[in-house]
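# A structural walkthrough
Here is how the chains run, residue by residue.
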Amino acid sequence: MKVTVYLNEANAQAVDRADFERICERVENVVREHGYDVEIIEAFDPLIAIKRKQGLMADWQRFGIYFSEDLGRGLDQGLVNAIEVSPHFAMAHIFKAYLLGLATEPVLNGYAKDTVRHLKTMHLSDREASHLGALDLMLHGEWTAAALVLDIHNCNYPMDIVALQAGHLMDFYRANARNLRDRLARILPYWSEDVPGYSILLGMYAFGLEETGDYARAEETGRQATELQPFDCWAHHAVAHVLEMQGRVTEGVTWMATREPYWSDDGNFFKVHNWWHRALYYQELGQEDVVLGIYDNHIRNGDSTVVLELVDASAMLWRLNLEGVEVGDRWDELADCWQVHADGHSYTFNDWHAVMAYLGAGRDIDAGQVLKDCKNIKPGIESEMQQWTRQTTLPLIEGFIAFWRKDYQTAIERLYGARFIANSFGGSHAQRDIIDLTLIEAAIRAGQPELARALANERLALKPNSRLNQGFLARSKGRAASG
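Reading the values: rules and limits
Residues numbered from 1 in each chain as written. Predicted model: local features only at pLDDT ≥ 70, side-chain atom pairs only at ≥ 80, totals over all residues. Heavy atoms only, no water. Helix = DSSP H or I, 4+ residues; strand = E, 2+ residues; numbered from the N terminus. Buried < 20%, exposed > 50% of the residue type's maximum accessible area, 1.4 Å probe, protein only. Contact = heavy atoms within 4.5 Å. Areas by Shrake-Rupley, 256 points an atom, 1.4 Å probe, with all protein chains shown as cover. Expected span 1.5 Å × (residues − 1). Salt bridge = Lys/Arg side-chain N within 4 Å of Asp/Glu carboxyl O. Arc of directions from axis to C-beta. Patch = residues over 30% accessible without salt bridge, like charges linked within 9 Å, V, L, I, M, F, W, Y side chains within 5 Å. Core = buried A, V, L, I, M, F, W, Y, C linked by side-chain atoms within 4.5 Å. Axes fitted to C-alpha atoms, helices over the stretch in contact; angles between N-to-C directions. Parallel < 35°, antiparallel > 145°, perpendicular 65-115°, else oblique. Left-handed = near helix turned anticlockwise from the far one by under 90°. Nonpolar A, V, L, I, M, F, W, Y, C, P; charged D, E, K, R; others polar. 1 Å grid on protein atoms, 1.4 Å probe; cavity = no way out; pocket = protein on both sides within 12 Å on 5 of 7 lines; lining within 4 Å. Points joined across faces, edges and corners; volume = space filled by probe spheres on them.

## Points about the overall build of the protein chain
- Secondary structure summary: the protein chain contains 26 helices and two strands in total.
- Expressed as a percentage of the 483 residues in the protein chain, the buried residues total 57%.
- Across the protein chain, every contact between residues at least 6 apart in sequence was considered, and the portion connecting residues at least 24 apart equals 66%.
- Counting every atom, the protein chain has about 19,400 Å² of accessible surface; 51% of that belongs to carbon and sulfur.

Right under this line is the structure:
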């Protein structure tokens, strides 16, 4: 007979790690003295499922800093091993469902629902049942409801780092800047540098501060996090966002270059997005050849179909196209990879980026199909995700299609209003900036210099030294002068 012993957070956090290891060993010895096999499970840490006699342990901090290439497939081998060793460890299954569901890919979403169905057959604690409720809502398109469940969960279990990170990603996917910040602000007083994982929370907090425009504190907090854990690519990227939003381009280039060994490793799941940020700096500097080199060697080096990487690729090529840079057949390879993801309902932010690739590759039928899927949603019975599709994604896709087809007036009509509501459906300010970039380019090409100049003034008020913004202003004035 095997006995499973759960040690909760109260047990674990009352002692340091060395003492905790000794407690585990004593518990194991006592149970074995009574003739039972034993399995020790650290319930306070849902990323560790241990059968100590086999020495199997997943280092949970790798997950917190996205240092696992397998995350792109929604899993990690350490987690797979943990479930094999401890199949009744509910938190391991819960974490698996989060990894799959938060990948925002249709196939992985289906696997996540299978995992949730399995969890519903298990005996769950109150904490585990709370996680299950959030997962069930998220996987059925109710992202805000799921995030709110985790809000309460975080209040009740402030040391549950998986709930914090899952909630943080939900806030990101629904572009809720306030909760990106405040989810962490609510629980940080429970943590300190002495608690493993503290730097991970600082990295998340830094990003929330940046998205709410508190750039000084965001930079300070992000740099502090990277000092505590140099490989924390999320904290690194929070600082990159600050430098991007403030137009500190040369500092951004230096930040990315000097810390490249920490964020660009092949095993780092987030490396492509950080390469995207690095490419933005070079685009601002007008070094399009460097940008294309980064695209070919890092953003699309291989045939990855990880959707988060495809989003970066679509956005980068679209930005280059707006500047008149010839990108060759790069659109074709990218459009091929989007085929398995653009389904019109899994995560609508992705569908919009898929349309960019379809347009670039000349696949009007595929772009039209995504548009049709968006229009087929019936008001009144849709999920929150479907509401985002109907209210936000639809005008964006219509605007981008119109722009590509040189119907610039329609593009202006669709995009001008959409930019005010686009922060309701995902992405960061830097990612959504492509809307304004396309809008102002449409205004210039449509022969509307007054609108173009007004839009350029908006941008220059925020980043007065931006080459791109200064170029928009000069071109709008040139259009006005030429009549």
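## Description of helix 16 (residues 271-284)
- In this model helix 16 runs 20 Å from its N-terminal to its C-terminal C-alpha over 14 residues, within 8% of the 20 Å that 1.5 Å per residue would give.
- Two residues or fewer past helix 16, glycine 286 is found with a positive phi of approximately 80°.

## Some words on the pattern of salt bridges
- All chains considered together, the criterion is met by 27 salt bridges.
- Here arginine 183 and aspartate 151 are joined by a salt bridge, their closest N and O atoms 3.0 Å apart. Of this pair, arginine 183 sits in helix 10 (residues 177-185) while aspartate 151 sits in helix 8 (residues 143-156), placing them 32 residues apart in sequence.
- We note a salt bridge from arginine 363 to aspartate 336, for which the minimum N-O separation is 2.3 Å. Separated by 27 residues along the polypeptide, arginine 363 in the loop between helix 20 (348-360) and helix 21 (364-375) and aspartate 336 in helix 19 (residues 330-338) bring together distant segments of the chain.
- Among the ionic contacts, a cluster of salt bridges with common partners joins Asp151, Asp171, Arg174, Arg183 and Arg186.

## As for helix 4 (residues 77-85)
- Buried within helix 4 we find Leu79, Ala82, Ile83 and Val85. One side of helix 4 holds all its buried residues, which, seen down the axis, span an arc of 165°.

## A word on a nonpolar patch on the surface
- Judged by side-chain polarity, Tyr416, Phe420 and Ile421 come together as a nonpolar surface patch covering roughly 290 Å² of accessible area.
- Mapped onto the elements, phenylalanine 420 comes out in the loop between helix 23 (408-418) and helix 24 (429-445).

## Side note on the nonpolar core
- Core analysis: the largest hydrophobic core is formed by 144 residues, its most contacted members being Tyr98 and Trp352.
- Of all the elements, helix 18 (residues 307-322) adds the most residues to this core, at 10 residues.

## Some thoughts on unusual backbone geometry
- Non-glycine residue alanine 175 carries a positive phi angle of around 55°.
- Structurally, alanine 175 can be placed in the loop between helix 9 (161-173) and helix 10.
- We classify alanine 175 as buried; its relative accessible area is 13%.
- Of note in this structure, lysine 406 is not a glycine but carries a positive phi near 65°.
- Judged by its relative accessible area of 61%, lysine 406 falls in the exposed class.

## Description of the environment of leucine 209
- Tracing the backbone through its elements, the reader meets leucine 209 in helix 11 (residues 198-211).
- Separated by 31 residues in the primary sequence, leucine 209 and arginine 178 have C-alpha atoms spaced 8.4 Å apart.
- If near-sequence neighbours (up to four positions away) are discounted, leucine 209 is found in contact with Arg181, Asp214, Arg217, Ala218 and Thr221.

## Overview of the packing of helix 9 against helix 11
- Following both chains from N to C, one finds helix 9 and helix 11 inclined at 20°, their axes separated by 11 Å at the closest point. Judged by the angle between their axes, helix 9 and helix 11 are roughly parallel. Our pair here, helix 9 against helix 11, has a crossing hand that is left-handed. Packed against helix 9, whose contacting residues are Ile161, Leu164, Gln165, His168 and Phe172, the element helix 11 presents Ile200, Leu201, Met204 and Phe207 at the interface.
- Here the residues of the contact of helix 9 with helix 11 sort into seven nonpolar, two polar and no charged.

## Re the layout of surface pockets
- A volume near 560 Å³ is recorded for the largest pocket.
- If you trace the largest pocket, you find 18 residues lining it, with Met245, Asp433, Asp436, Arg459 and Leu462 closest to the centre.
- Residue assignment for the lining of the largest pocket shows that the elements contributing at least two residues are helix 13 (233-245), helix 24 and helix 25 (449-462).
- If you tally residues by element for the lining of the largest pocket, the top one is helix 24, at six residues.
- Among the residues making up the lining of the largest pocket, the classes are represented as seven nonpolar, three polar and eight charged.

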